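Coordinate inspection notes
So you can see what is in the structure, the chains are spelled out below.
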Amino acid sequence: MYDFTFHNPTKIIFGADTEQQIGQELAAAGIKKVLLLSGQGSAKKSGLLDRVIACLTAAGITFVALEGVVSNPMLSHARQGVALAKKEAVEAILAVGGGSVLDEAKAIAVGATTEIDVWEFFTGREVTAALPVFAIMTIAATGSEMNRNAVLTNEATRQKYNIASIHVHPRVSILNPVLTHTVPPDYTAYSAVDAIAHVLEGYCTKQPGTRLQDRLVESIVKTVMETTDLILQNPNHAEARASFMWAATLALNGLTPAGIGPYSFPNHMIEHSLSALYNIPHGAGLAIVIPAWMRWYHSRNPEQFTRCSRELFGLPTPAAGINALEEWFREIKAPVRLGEVGIPARDIPIISENAHGLARQWGIAELYTPAAIGEILQLAV
Ligand code: NZQ
Ligand code: ZN
């Protein structure tokens, strides 16, 4: 095992009706006014937003609301949020929604503390401060509720880039799995692929020999697969929704890579270009990239891929395991080829150039040249 520092300052409050605690949590942090950020309407439609507002009011917390965060959140909307947060002098950002709402909340939290344009932090400038971020999650997928990442798309440049800073860790994230019962089957499937990708990226690119972390990953993948199958049969399966939600959180909160040494996130690097250029759901893009990348990469790390096939599917070879994973993606109705989401093969050079920009940012551009990314994407045609 490698030496590591694990520092995750987010408080998680998990369970039924826990959104009722948001007022007291904000008050306990000394916060009197928040920017209440939400998405395209699901939180309003379910009545959650009204319940949250009642709870804030009861705790004596005032708010200014900003709706309309889109899935794959946009820089222009985040800039609106920054301007509003400054004008209204809010003391914290409260995100009510999915990973998109929370990621934009994190961006606004950074932008609100400075005169520097928020996009600069997504292209390399170090984050040194942010307003406190609080979250009530309505979909389990990204792990944003317990991590240091935020992803935004700059719609002018078509770059989907991220910040990573301890300053944007949510102070408190409220996870009530009952709120996720209304997540439709397609987004349930995409979320499953995303959570699986978050652990498999490290597992497949690290060197063998960290057995606890390997078993944590295998446990998370198996839990996500089992519970997804149950949820797709019965969207109100409370135990499955709850286990899925906690598994997705643990999949990207720093736990599984602690001590594994060097690893990379190439599937995300390529996927971010698909969702930046074609605005497809992140998990759908990953389901297309992962089998292709695995076929391209597995011979570079045969021991881990053999273990993956054996432990997840009881199969003897990397190729058999990759086929089984792809088959499961098909079963849950996630797309596995570019054509299934309308992306033509002739666009591969454009996608590869776009992805190479992020490869440079993430320090993996030497292996992932535009030509290499093109080879991977050809396996997804
Ligand atoms: O906008 P609303 O109306 O809320 O609808 C959303 C959206 O259409 C809907 N939804 C959310 N909760 C629901 C619900 N519908 C019914 N019932 C509910 N309870 O679901 C749709 C997807 O929501 P979104 O927030 O976009 O999904 P997700 O949580 O998967 O977030 C995706 C974004 O996170 C980024 C992705 O790239 C993408 O931009 N990621 C963030 C990461 C991070 N911060 O660590 C890591 C990930 O790798 C990922 O890149
Ligand atoms: Zn992801």
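Conventions and cut-offs
Within any chain, residue numbers begin from 1 and follow the written order of that chain's sequence. Here chains are named by letter from A upward and ligands by number from 1 upward, in the order in which they appear as written. This being a predicted model, a pLDDT of at least 70 is required before a residue's local features are given, and a value of 80 or more before pairs of side-chain atoms are given or counted; all residues contribute to the totals for chains, interfaces and linings. Where side-chain values are given, they derive from all heavy atoms of the structure, hydrogens and water being excluded. Note that water is not among the atoms considered, so a metal site may appear incomplete; the donors listed are N, O and S atoms within 2.8 Å of the metal, with 3.2 Å applied to Na, K and Ca. Strands are runs of DSSP state E lasting at least 2 residues, helices are runs of H or I lasting at least 4, and numbering of each runs from the N terminus. Note on classification: 1.4 Å probe, protein chains only; a residue is buried when its accessible area is under 20% of the maximum for its type, exposed when over 50%, partly exposed between these limits. Grid points spaced at 1 Å over the protein atoms alone were grouped into cavities, where a 1.4 Å probe fits but cannot get out, and pockets, open sets with protein on both sides within 12 Å along at least five of seven lines, with lining residues defined by an atom within 4 Å of a point. Grid points are joined across faces, edges and corners, and a volume is the space filled by probe spheres set on the points. Only strands that DSSP links by at least two bridges are regarded as paired with each other. Axis lines are fitted to C-alpha atoms, over the contacting stretch for helices. Their N-to-C directions set the angle, which ranges from 0 to 180 degrees. Here, residues are in contact when the closest pair of their heavy atoms is within 4.5 Å. Any angle from 65 to 115 degrees is called roughly perpendicular, while one under 35 is roughly parallel, one over 145 is roughly antiparallel, and all others are oblique. If you view the pair so one helix is near and one far, a crossing is left-handed when the near helix is turned anticlockwise from the far one by less than a right angle, and right-handed when it is turned clockwise. Three residue categories are used. Nonpolar comprises Ala, Val, Leu, Ile, Met, Phe, Trp, Tyr, Cys and Pro, charged comprises Asp, Glu, Lys and Arg, and polar comprises the others, including Gly. Helix span, expected: 1.5 Å multiplied by one less than the number of residues in the helix. Patch definition: residues above 30% relative accessible area lacking any salt bridge, with like charges linked at up to 9 Å and the nonpolar side chains Val, Leu, Ile, Met, Phe, Trp and Tyr linked at up to 5 Å. To measure how exposed things are, a 1.4 Å probe is used in the Shrake-Rupley method; for residues, cover is taken only from the protein chains shown. For this document, the term salt bridge refers to a Lys or Arg side-chain nitrogen within 4 Å of an Asp or Glu carboxyl oxygen. Note on terminology: near, applied to a residue and a molecule or strand, indicates that one of the residue's heavy atoms is within 4 Å of it. Two N or O atoms form a polar contact when they lie within 3.5 Å of each other; inside protein one atom must be a possible hydrogen donor and the other a possible acceptor, and for residues adjacent in sequence the pair counts only when both atoms belong to side chains. Residue ranges assigned to the domains are those given by an automatic or database domain assignment. Here the quantity called buried area is the total loss of accessible area, with a 1.4 Å probe, experienced by two parts when brought into contact, counted for both.

**Focus: the coordination of the zinc ion (ligand 2)**
Around the zinc ion (ligand 2), the donor atoms from the protein are Asp194 (OD), His198 (NE2), His268 (NE2) and His282 (NE2), and they sit 1.9 to 2.1 Å away. Donor residues for the zinc ion (ligand 2), ordered by position in the chain, follow D-x3-H-x69-H-x13-H. Here Asp194 pairs with His198, and both are found in helix H7 (residues 185-205), just four residues apart, close to one helical turn. A residue is classified by how much of its surface remains accessible, and Asp194, at 3% relative accessible area, is buried.

**Some remarks on empty space enclosed by the protein**
Over the atoms a probe the size of a water molecule is rolled, and this reveals where empty space is left. Tallying each qualifying case throughout the model produces three cavities of 30 Å³ or more. Of the volumes computed, that of the largest cavity is approximately 60 Å³. Around the largest cavity sit Ile139, Ala140, Thr180, Val183, Tyr187, Thr188, Ser191, Ile231, Arg241 and Phe244, which together line it. Contributing elements (two or more residues each) for the lining of the largest cavity: H7 and helix H9 (238-251).

**A closer look at the sheet that holds strand E4 (residues 92-97)**
Taken in spatial order, the six strands line up as E1-E8-E5-E4-E2-E3 in an open sheet, and their pairing is parallel. Only two strands of the sheet have a single neighbouring strand rather than two, namely strand E1 (11-14) and strand E3 (62-66). Sheet twist, expressed as the mean angle between neighbouring strand axes with direction ignored, is 20 degrees. With five bridges joining them, E4 and strand E5 (residues 133-137) adopt parallel strand pairing. Considered in E5, the bridge of Ile93 is made with Val133. Relative to the sheet, H9 contacts E1, E5 and strand E8 (172-175), its axis offset from that of E1 by approximately 170 degrees.

**What about the packing of helix H12 (residues 302-313) against helix H13 (residues 318-331)?**
Where H12 meets H13, the closest approach of the two axes is 8 Å, and the angle between their N-to-C directions is 50 degrees. In terms of their interaxial angle, H12 and H13 are classed as oblique. Relative to H13, the crossing made by H12 is left-handed. Between H12 and H13, the residues in contact are Pro302, Phe305, Thr306, Ser309 and Phe313 and Pro318, Gly321, Ile322, Ala324 and Leu325, respectively. The residue makeup of the contact of H12 with H13, split by class, is seven nonpolar, three polar and no charged.

**Section: helix H11 (residues 282-297)**
In this model H11 runs 21 Å from its N-terminal to its C-terminal C-alpha over 16 residues, within 8% of the 22 Å that 1.5 Å per residue would give. Taking burial as the measure, the 16 residues of H11 include 15 buried ones, the bulk of the element.

**A closer look at a nonpolar patch on the surface**
Together, Met1, Phe4, Phe6 and Leu255 line one region of the surface with nonpolar side chains, adding up to about 410 Å² of accessible area. Position of Leu255 among the secondary structure elements: in the loop between H9 and helix H10 (266-278). A relative accessible area of 30% means that Leu255 is categorised as partly exposed.

**A look at the site of ligand 1**
Around ligand 1, 31 residues are found, and the nearest of them are Ser42, Ser71, Gly99, Ser100 and Lys160. One nitrogen or oxygen atom from the side chain of Ser100 is found 2.6 Å from an oxygen atom belonging to ligand 1. The separation between an oxygen atom of ligand 1 and a polar side-chain atom of His198 is 2.8 Å. A total of 960 Å² of accessible area belongs to ligand 1 in isolation, and the protein chains cover 89% of it. Looking at the shell around ligand 1, the elements that each hand over two or more residues are helix H5 (99-111), strand E6 (149-154), H7 and H10. When the residues that make up the shell around ligand 1 are grouped by side-chain class, the tally is nine nonpolar, 19 polar and three charged. Taken domain by domain, the makeup of the shell around ligand 1 includes at least three residues from each of domain 1 (11-179) and domain 2 (185-378).

**Some details on the domain arrangement of the protein**
Note: interface size is frequently given as the accessible area lost on complex formation between the parts. Taken domain by domain, the protein consists of domain 1 (11-179) and domain 2 (185-378). Its C-alpha centre places domain 1 at a distance of 26 Å from the equivalent point of domain 2. Counting from both sides, the interface comprises 27 residues of domain 1 and, opposite them, 27 residues of domain 2. Carbon and sulfur atoms make up 57% of the area that domain 1 and domain 2 hide from each other, which totals about 2,100 Å². If you look at where domain 1 meets domain 2, you find zero salt bridges.

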